[in-house]
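# Structural characterization, general
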Amino acid sequence: MTRNQNFRTILKKVINTEDESHNTSSNDSFDQVMARARLGRRGFLKGSSSLAAATLLGTGLAFAADSAKQTGQAAKASTGLRLSFNPVAKSIADTLTVPEGYTAQVLLATGDPLKSNVTPYKNDGTDNDFDLRAGDHHDAMHYFGLNRAGNGWDPSGSDRALLAINHEVCEDLGFVHPNGPTNYGAESTEARPAIEIDKEVAAHGVSIVEVVKQGSTYQINRDSRLNRRVTGATPCQISGPARRSPMLATAFSPSGERTRGTINNCANGYTPWGTYLTCEENWAGYFNRREDDAVRTAKEVASFKRYGIGNETSGRYNWSRADSDSDLYKRWDASKTASRANQDYRNVANTFGWVVEIDPFNPSAMPQKRTAIGRFAHEGCWPAPAVAGQPLVFYSGDDSRNEYVYKFVSAAKWDPRDATRGMAAGDKYLDAGTLYAARFNDDGTGEWLPLTLDNPAIANYADYSFADQADVLINARLAADAAGATKMDRPEWGGVNPVNGDVYLTLTNNVSSSSGRGVKTPLNAANPRYYADAKGESVSKGNVNGHVIRWREAEASHAATGFNWDVYLFGAKASAEADVNLSGLTDENDFSSPDGLWFSEAVPGLLWLQTDDGYYTDTTNCMMLAALPGTVGDGTAKMVTNKAVPINGDADQQVKTYMGQPASPAALSRFLVGPRDCEITGITESPDGRVLFVNIQHPGENSESATDPTQFTSHWPDGGSARPRSATVVITRNDGGRIAV
Ligand code: FEO
Ligand code: CA
Ligand code: CA
Ligand code: CA
């Protein structure tokens, strides 16, 4: 076993990509499914599925009309959209491919300078100033148009803009170090060089960088005063209901008002007042904790278990053990080491797992961790369209196996005059409201379950006694267990179709021999598959190809507490049998493990899907597809047969689900294929829809060495023998037209 394989084994234990889920609640047990069936339909639809479909259509028309009012010309603009490019073929080459007639250029790769006085990145591990360079593992990003003065937001600004780019992790192989990492990983108890830790911490977070239009494309303006980094060390305020909770007290902030850093910045969101929301996803694996559970309270232990923080770990990178006594490193130790919580970092993990608001236009504004939106493995936080006089609504996925879908509904009603108020608007709309978790009923309806102490299921929860609303939000997973939310197949990105208000969300996969869907986690109508043969495997490990679910809120309001859902698309390889390739994917559009999902704002009705796949990679690298989706309820009820596999016994499992229209190349087409071992994630556009920004994350992540080029699986984007790097690319159409249509 090579050093890297060994490291990967250790890492997987820590970040829990391949073993047990942390959701041991009984939600969605077969008993509950049966109980729900006996209770009958609890949603706002009544009657048979054909009547349900008819009602859906009616609701849909009402919502479309309402949505059209909200977005002006949206519904009209979508009429007659047609995908105008030739699909890109599947590929396992170490290259980035876009359609004929398009050009992709690298804009900003890992380590590239954000300032003109910073030296070019040598990419040999010797550059240490990552707080002045692009971080690693580019993930979600967003385009914020700059006004002509260059000091404020102009949503239609196209000459200059700020890109806010997430940097999810620092590559585990240690490409940022000259000779790979020292004393790395969750099992190491040796001291690490502080210089390595500093670099890894700074490679996390967010880049804010100005881009200027040059010809048909954009270039970085390295002289912009707005260029900056937010990193794993940047001080952040804690705001909302959990601010000043004793559960957030640390030696750094005994009052629980602040913390340092934002990490594992995965997907994102953005607000109607021009701020950026960066979301903390797999933060739970970063902390050292080596202590007997008996030294902690029963509630603390329950919380650690539910979020996957073990008691025999040094954390993913072993950051708490530096060859330095500085508090900067000890802060990663979540063990009880002093007599009082304000003297150690036993609570530090409670200061991560939030949605973090950043004002890209105001470098002096401290990032705010918005606790009203709950603490979990936040994939992202996607806004519904803002409507004057209505609450604001944001959708979130908790991306871990068998976790939940959430939405936040603000207490304050939207006043368009707040669009210029920056973080003060964040204080108004994001610090008070109701967090809900979703239950997807087996009859195609759904309910939003409020996570408040007014909900008797939470107030009287036998497994965990919530002290107050701060406790509910800090332990949102436990509250959602209590409320009875539906375990999903790893919720990733979401988005709202501006044409009709339908909400889409990717469920990337749910694979595990011990807890994957259909293996130990029961199938349900919204998560109806375990069987797939993407690698010709004869034994199921769960839902390996993922799907995209969507729903329509009741009463034509995103703040509603009921909805109707169906499955928009099922991932599969084109050659899979019909019970696997349920959406009828073809060579032009077959994909596996959808992750990034984003509705264009410049071209209403155009949807982008990106993949983060490990189950079709013998045939193709990860990809991005363009889609023109229909509406919730445009398909039919469907009985899915999951073939018997030895692990589940001898009988086929049949599950009734609801699915949309089958895919067709005209409505779903592959637009891009990335280089080897990458994930495609992160997308935004210029206001005119003629320039697309896309992130290529971790090319070459299956390399066997950080230093030996012959062991790299990718050299993208620099080529030759270079270490691979994540990067933002800019895509334009050679004739200057709008992208994809
Ligand atoms: Fe960072 Fe769930 O993707
Ligand atoms: Ca993702
Ligand atoms: Ca993913
Ligand atoms: Ca990733």
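Just so it is clear, the model here is predicted, and its values are computed rather than measured.

Basis of the calculations
- Residues numbered from 1 in each chain as written.
- Chains lettered and ligands numbered in written order.
- Predicted model: local features only at pLDDT ≥ 70, side-chain atom pairs only at ≥ 80, totals over all residues.
- Heavy atoms only, no water.
- Helix = DSSP H or I, 4+ residues; strand = E, 2+ residues; numbered from the N terminus.
- Buried < 20%, exposed > 50% of the residue type's maximum accessible area, 1.4 Å probe, protein only.
- Contact = heavy atoms within 4.5 Å.
- Donors = N, O, S within 2.8 Å, 3.2 Å for Na, K, Ca; no water.
- Salt bridge = Lys/Arg side-chain N within 4 Å of Asp/Glu carboxyl O.
- Pairing = 2+ DSSP bridges.
- Axes fitted to C-alpha atoms, helices over the stretch in contact; angles between N-to-C directions.
- Core = buried A, V, L, I, M, F, W, Y, C linked by side-chain atoms within 4.5 Å.
- Phe/Tyr/Trp six-rings, centres within 6.5 Å; stacked < 30°, edge-to-face > 60°.
- Lys NZ or Arg CZ within 6 Å of the ring centre and 35° of its normal.
- pLDDT = per-residue confidence, 0-100.

## Examining the overall build of the protein chain
Scanning the protein chain for helices and strands turns up 11 helices and 34 strands. Scored against the burial criterion, the 741 residues of the protein chain give a buried share of 63%. Contacts in the protein chain between residues far apart in sequence, at least 24 positions, make up 69% of those at least 6 positions apart.

## What about the coordination of the calcium ion (ligand 4)?
When four donors bind a metal tetrahedrally, each ideal donor-metal-donor angle is 109.5 degrees, and when six bind octahedrally, the ideal angles are 90 or 180 degrees. Each protein donor to the calcium ion (ligand 4) is listed here as Glu168 (OE), Glu679 (OE) and Gln697 (OE1); together their distances run 2.3 to 2.8 Å. Separating the calcium ion (ligand 4) from the calcium ion (ligand 2) is a distance of 5.7 Å. Here Glu168, found in the loop between β3 (160-167) and α5 (194-202), pairs with Glu679, found in strand β32 (residues 679-685); they are 511 residues apart in sequence, far enough to count as distant. Overall, Glu168 belongs to the buried group, its relative accessible area being 9%.

## A closer look at the coordination of the calcium ion (ligand 3)
Within the protein, Glu492 (OE), Asp595 (OD) and Asp612 (OD) serve as the donor atoms for the calcium ion (ligand 3), at 2.3 to 2.4 Å. The sequence motif formed by the donor residues of the calcium ion (ligand 3) is E-x102-D-x16-D. Between the two metals, the calcium ion (ligand 3) and the calcium ion (ligand 2), the spacing is 3.8 Å, and Glu492 donates to both. Of the two residues, Glu492 is situated in strand β20 (residues 491-496) and Asp612 in the loop between β27 (607-611) and β28 (623-627); the sequence distance between them amounts to 120 residues.

## Some remarks on the pattern of salt bridges
Summed over all chains, the structure comprises 45 salt bridges. For Asp112, the salt bridge goes to Arg725, with nearest N and O atoms at 2.9 Å. Here the residue Asp112 occupies a position in the loop between β1 (102-109) and β2 (138-145), and Arg725 occupies one in the loop between β33 (691-697) and β34 (727-733), the gap between them amounting to 613 residues. Exposure class is identical for Asp112 and Arg725. Each is buried. Taken together, the shared-partner salt bridges connect Arg289, Glu291, Asp293, Arg296, Glu300 and Lys305 into one network.

## Remarks on the sheet that holds β1
Spatially, the 4 strands line up as an open sheet ordered β1-β34-β33-β32, and their pairing is antiparallel. Since the sheet does not close on itself, it has two edges, and those belong to β1 and β32, each with one partner. Here the strands of the sheet are splayed against their neighbours by 25° on average, with no regard to which way each runs. Relative to β34, β1 runs antiparallel, the two sharing 7 bridges. The residue of β34 that forms the bridge with Leu108 is Thr728.

## What about the nonpolar core?
Of all hydrophobic cores here, the largest spans 64 residues; its most connected members are Trp283, Phe287, Trp319, Tyr406, Leu451, Ile458 and Phe466. Ranked by residues supplied to this core, first place goes to helix α11 (residues 476-483) with 6 residues. Excluding residues that lie within four positions of it along the chain, Trp319 makes contacts with Arg192, Ile197, Glu200, Val201, His204, Ile263, Tyr286, Ser314, Tyr329 and Trp332. Residues Tyr102, Leu162, Phe361 and Met624 belong to the second largest nonpolar core, which totals 63 residues.

## A word on the packing of aromatic side chains
Scanning the entire structure with this criterion turns up 38 aromatic pairs. Plain terms: the ring middles of Tyr143 and Tyr218 are 6.0 Å apart, the flat faces sit at 80° to each other, and that makes the pair edge-to-face. Linking Tyr143 in strand β2 with Tyr218 in strand β5 (residues 217-220), this pair joins segments that are 75 residues apart in sequence. On the basis of relative accessibility, which here comes to 1%, the residue Tyr218 falls in the buried class. Linked through ring pairs, Tyr184, Tyr286, Phe287, Tyr317, Trp319, Trp332 and Phe352 together constitute an aromatic cluster. If you follow Arg289 out to its NZ or CZ, it ends over the ring of Phe304, 4.0 Å from the centre. In this structure, Lys369 packs its charged tip against the face of Phe352, placed 3.9 Å from the ring centre.

## With respect to the confidence of the model for the protein chain
Taken as a whole, the protein chain shows an average pLDDT of 90; of its residues, 88% reach a score of 70 or greater. When the criterion is pLDDT under 50, residues 1-19 qualifies, and its contacts beyond four places in sequence or with other chains add up to 45 contacts. Segment residues 30-79 is flagged for pLDDT under 50; beyond a separation of four residues in sequence, or across chains, it makes 62 contacts in the model.

## Some details on the sheet that holds β28
Taking strand neighbours across the sheet as the criterion, the 4 strands line up as β26-β27-β28-β31 in an open arrangement whose pairing is antiparallel. Two strands in the sheet have a free side with no partner beyond their single neighbour: β26 (594-599) and β31 (668-673). Pairwise comparison of adjacent strand axes, ignoring direction, gives a mean angle of 25° for this sheet. Sheet topology note: the β28/β31 ladder contains 5 bridges and is antiparallel. Counted as the bridge partner of Leu625 is Arg670 from β31.

## Quick look at the environment of Gly635
Mapped onto the elements of the fold, Gly635 is located in the loop between β28 and β29 (636-642). Taking relative accessible area as the criterion, Gly635 reaches 24% and is therefore assigned partly exposed. Remark: the alpha-carbon pair of Gly635 and Val567, spanning 68 residues in sequence, is separated by 9.1 Å. Ignoring anything within four residues of it in the chain, the contact list for Gly635 reads Met659, Gly660 and Gln661.

## Here's the deal with α5
Burial within α5 is extensive, with 7 of its 9 residues counted as buried. Among the residues of α5, those classed as buried are Ala194, Glu196, Ile197, Lys199, Glu200, Val201 and Ala202. Each element contacted by the buried residues of α5 is listed here: β6 (228-230) and α7 (327-330).

## Some words on the pairing of β26
As a general feature of sheets, a regular strand has side chains that alternate between the two faces. Most of β26 is tucked away, with 6 of its 6 residues classed as buried. Relative to β27, β26 is paired through 4 bridges, and the arrangement is antiparallel. Its bridge partner being in β27, Leu597 is matched across the sheet by Leu609.

## Some points on the pairing of strand β13 (residues 355-358)
Side chains of β13 alternate between two faces, with Val355 and Glu357 and Val356 and Ile358 buried alike. Inspection of the sheet shows strand β10 (residues 276-280) paired to β13 by 4 bridges, in the antiparallel sense. If you follow Tyr276 over to β13, its bridge partner there is Ile358. Across 3 bridges, β13 lies against strand β14 (residues 368-370) in antiparallel orientation. Paired with Val356 across the bridge in β14 is Lys369.

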